[in-house]
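Residue strings, one per chain:
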Amino acid sequence: MLGILVSIVDGVLVGSVYGLAAMGLTLIWGVMDVINLSHGAMIVAGMFGLFYLVTLGLPAYAALIPVLAAGFAVGVGLYWMSVHRMIGRPPLMSLLATFAVNMVLIGLGTALWGTVLFNVPVSLPGVAWKGYTFTGTHIMAAVATSVIAGLLYLFLYRTRLGKAIRAVAGNREAAELNGIPTTQVLALAFGLGIALACISGALIATLFPFTVLSGTAYQLKSFVVTVLGGLGNPAGALLGGIALGLLEGLLTPFMPVSWTTVIEFGVFVIVLIAFPRGLFGFLRHARSR
Amino acid sequence: MIRALRRPTLWLIVAVTLAFVLLPLRGNDVALREGLLLAAVYVILATNLNLMIGYAGYVNFGNVVFFGLGGYTCVWLVNSHAWPLVAAALLAGALVSLVAFLFGLGILKLRGAYFALATIGVNEGVKAFVANFAPWGGSAGIYLSIEAYQPLGGPARGLWIIYFLMVLVMGLSLLASYGIKNAKFGLGLRAIGQNEDAAMVLGVPTRRYKALIYSASAFLPAVAGALFFFKSAFIAPDDAFDLALSTEAIVAVMLGGQGTLVGPAVGAVFYEELRSTLLTAQAFSHFQLVIAGALLLLIVQFVPGGLMGWIYRRWPRMRRILE
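Numbering of residues starts from 1 in every chain and runs along the sequence as written. To label them, take the chains in the order written and letter them from A, then take the ligands in the order written and number them from 1. Residue-level local features of this predicted model are given only where pLDDT is at least 70; pairs of side-chain atoms are given and counted only at 80 or more, and the full residue set underlies all totals for whole chains, interfaces and linings.

## Re the interface of chain B and chain A
Consideration 1: Every contact between the two is made by 35 residues of chain B and, on the other side, 32 residues of chain A.
Consideration 2: In this description a helix means any DSSP run of H or I spanning at least four residues, a strand means any run of E spanning at least two, and both kinds are numbered starting from the N terminus. Elements that contribute at least two residues to the side of chain B that touches chain A include exactly α5 (85–107), α6 (112–132), α12 (243–256) and α14 (288–302) of chain B.
Consideration 3: Among the elements that line the side of chain B that touches chain A, the one with the most residues is α6 of chain B, at 14 residues.
Consideration 4: Three residue categories are used. Nonpolar comprises Ala, Val, Leu, Ile, Met, Phe, Trp, Tyr, Cys and Pro, charged comprises Asp, Glu, Lys and Arg, and polar comprises the others, including Gly. Residue composition of the side of chain B that touches chain A, by class: 24 nonpolar, 9 polar and 2 charged. We call two residues in contact when the distance between their C-beta atoms, placed using the backbone, is within 7 Å.

## Some thoughts on the packing of helix α4 (residues 64–81) of chain B against α5 of chain B
Axes are the key here: two packed helices are described by the angle between their axes and the distance separating the axes.
Residue and element names in this part refer to chain B.
Consideration 1: Between α4 and α5, the shortest axis-to-axis distance is 8 Å and the interhelical angle comes to 140°. When the axis of α4 is compared with that of α5, the two are oblique. For α4 against α5, the interelement crossing comes out right-handed. Only L85, A88, A89, L91, A92, G93, L95, V96, V99 and A100 of α5 make contact with α4, whose side of the interface consists of F66, L69, G70, T73, C74, L77 and V78.
Consideration 2: Grouping the constituent residues of the contact of α4 with α5 by class yields 14 nonpolar, 3 polar and no charged. Note on geometry: axes are C-alpha line fits, over the in-contact stretch for helices, and angles between N-to-C directions span 0 to 180 degrees. What sets the label is the angle itself: under 35 degrees gives roughly parallel, over 145 gives roughly antiparallel, 65 to 115 gives roughly perpendicular, and the rest give oblique. What makes a crossing left-handed is the near helix being turned counterclockwise from the far one by less than a right angle; a clockwise turn instead makes it right-handed.

## Quick word on unusual backbone geometry
In terms of backbone geometry, most residues other than glycine have negative phi values and most peptide bonds are trans.
Consideration 1: The phi dihedral of D33 of chain A is positive, around 55°, even though this residue is not glycine.
Consideration 2: Considering the arrangement of structural elements, one finds D33 of chain A in the loop between α1 (2–32) and α2 (39–55).
Consideration 3: Look at D33 of chain A and you get partly exposed, because 18 C-beta atoms sit within 10 Å.
Consideration 4: The backbone of A82 of chain B sits at a positive phi, close to 55°, despite the residue not being glycine.
Consideration 5: Turning to its location among the elements, A82 of chain B is positioned in the loop between α4 and α5.
Consideration 6: Residue classification places A82 of chain B among the exposed residues on the basis of 11 C-beta atoms within 10 Å. Buried means a residue has 20 or more other C-beta atoms within 10 Å of its own C-beta, exposed means 12 or fewer, and partly exposed covers the counts in between; C-beta atoms are placed from the backbone.

## Things to note about helix α4 (residues 91–113) of chain A
Consideration 1: To estimate how far a helix should reach, multiply one less than its number of residues by 1.5 Å. Spanning 23 residues, α4 of chain A covers 33 Å between terminal C-alpha atoms, matching the ideal 33 Å at 1.5 Å per step.
Consideration 2: Positive backbone phi, at 65°, marks G114 of chain A, one or two positions downstream of α4 of chain A.

Right under this line is the structure:
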């Protein structure tokens, strides 16, 4: 019984990091109605960014800051390269444009690094509790996630720029009429979303070994999380991540790991069909009625 | 019917299919046959995907799930139940179509990006399931023994038979796409693609049409998958449900021009040629995905109508000749 509880807590710790990646995805969707299919590639970019910074001698958690900054810069660049011309066009076009970026990046990655397993050595003492140990890196990742999510909240709700982002998400034309430079705001939001993908990738790299191709799996997890939390809802994404982690932690003691994927996708498709506004969106909607 | 015979597109389909049959026969050219077989597979996938993307306006990122499931059903029937190839391939097609119809009733309630996400989920979910499904060999997959080729008269003859069957499936795909495009059904689909709510108000049975086209776009790819994996005599989850193949089909459709009949096929052949050239050139063999991606990005940004869209704009009369 205690073992299951420990497994669930660990699942929640890791799940919050998935939530971070999903927050990026959902921010981009909410502001510009684009589903970013290059999210997985950017998660991997964050992993490799951290790997090289740590190899250069930076402590892992200090290296998160340059990863965040670089992710933002890359994101703004990607916006102008691939997404800008897609705004307001049918969803097929933006899906394909971001997918194409994903193909290019993953192709370059496999050509450069192959599909070898990489590992960032981080050693943190764990917390022992009644014969069980909570891994130190998992706790630290969850702490970092909470800090970043908190900062994002402050940014979106307490600064002018954040309010501008929310205004554009709410109604782009009205925002434009009120003098908000919407195009720049879109680029900013995309950069922010990519930065979140990179930083969650960097955090995942401190937890598990990774390859160039790991991005696909984490991107799919972000979709599951986003759909659980409701597309376009950052707070829901964090909750969705925690819910997914909870599910994983709950299932791990009972079945082989390979089956959890099947269940995750089952949940994904069912939630998508039954509650397209997300599980939490659905609950909130039901309560407000 | 007679009027249909006068339309050049129909004759073009027949001519291309015949060319696929005759070209490798001349001089028994096995290398050419292998290249054309792959091209035929791409044409089949792209043409059937175009039914969804081009006609109905629904982006299916997981179209390879039909190909893989067809392959699995066929290889399993041949291996464990000693079914003859053609019967196994046909049953595989029918079963996958049925599964697609049932899936379709569920996920086609979703629109736009939500649908696209669901199709990725379906493909990955099926892949993860098959990797755990013991009767289909789990993640190790199924190997066919060389005896499976006996009913076809040995491997050498069997490979030719499979090739002709594949070309037949390609011809049928093109014919089906042609037929659907010019029927009331196709008109309804394109109405859905342009404005689903308006189509519904005007009396197009959108729900049934969408489920039907989803299921129809599953049948021939499943048969093609059956033939393809019988030929390789091996099937495993990662090969069968490879999202990269889905994407390549999308690239082919976009390259040629979505919503046209000829476009996806031309795009598929062109893409296959490009791919094999890149694969054989030492310097580029690792950059095949990069180039496909860059190509897709350029098309989406600058020529969203693809090759056919460009031709139609340049010479509007071609609209009637090349559909």
